[in-house]
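# Working through the structure, step by step
Here is what each chain is made of, one letter per residue.
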Amino acid sequence: MESIPIWVIAVILLIFFSGYMALRAMLAERKLDQQFIEREGKIYMERIREDRMKRQRDHNSEIHENN
């Protein structure tokens with residue numbers, strides 16, 4: 001029975017290593033995307049809160065002007 005050439009084993013190992021590295025890169029990219037989404041979401045929510053406060057101040061100032 002012939003043994004498997006070393007280069008075939010090396011190619012198979014490199015294929016598995018490449019798959020592992022691709023998986024790691026995909027997980028890291030997903031983590032970065034999630035952090036970006038959270039950061040942008042906080043900015044958006046802060047903008048909404050500021051706009052709501054501004055409208056409330058404008059509404060209160062109109063009430064005081066009418067009295």
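Report on the accompanying structure. Note that this is a predicted model, so its numbers are computed, not measured.

## A word on the overall build of the chain
- Across its full length, the chain carries one helix and zero strands.
- When the 67 residues of the chain are sorted by exposure, 0% land in the buried category.
- For the chain, the accessible area works out to roughly 6800 Å², and carbon and sulfur atoms hold 62% of it.
- Treating the 11 positive side-chain charges of the chain as one cloud and the 11 negative ones as another, the clouds have centres 4 Å apart.

## Overview of the pattern of salt bridges
- Inspection of every chain in the model, using the stated rule, returns two salt bridges.
- Note that E46 and R49 form a salt bridge whose closest N and O atoms lie 2.6 Å from each other. Remark: R49 and E46 occur in helix α1 (residues 6–66); sequence separation between them is three residues, near one turn of the helix.
- The exposure class assigned to E46 is partly exposed, which follows from its relative accessible area of 32%.
- With its nearest N and O atoms 3.2 Å apart, the salt bridge here joins D51 to R55. Within this pair, D51 and its partner R55 are both found in helix α1, separated by four residues, close to a single helical turn.
- Overall, D51 belongs to the partly exposed group, its relative accessible area being 37%.

## Some thoughts on a nonpolar patch on the surface
- On the surface, a cluster of nonpolar side chains totalling about 770 Å² of accessible area is made up of I4, I6, W7, I9, V11, L13 and I15.
- Here V11 lies in helix α1.
- Given the relative accessible area of 39%, V11 is considered partly exposed.

## Thoughts on the environment of A25
- Examined against the element boundaries, A25 turns out to sit in helix α1.
- Considering only alpha carbons, one finds A25 and I48, 23 residues apart in sequence, at a separation of 34 Å.

Rules and cut-offs
Residues numbered from 1 in each chain as written. Predicted model: local features only at pLDDT ≥ 70, side-chain atom pairs only at ≥ 80, totals over all residues. Heavy atoms only, no water. Helix = DSSP H or I, 4+ residues; strand = E, 2+ residues; numbered from the N terminus. Buried < 20%, exposed > 50% of the residue type's maximum accessible area, 1.4 Å probe, protein only. Areas by Shrake-Rupley, 256 points an atom, 1.4 Å probe, with all protein chains shown as cover. Lys, Arg positive; Asp, Glu negative; His and termini not counted. Charge placed at Lys NZ, Arg CZ, Asp CG, Glu CD. Salt bridge = Lys/Arg side-chain N within 4 Å of Asp/Glu carboxyl O. Patch = residues over 30% accessible without salt bridge, like charges linked within 9 Å, V, L, I, M, F, W, Y side chains within 5 Å.

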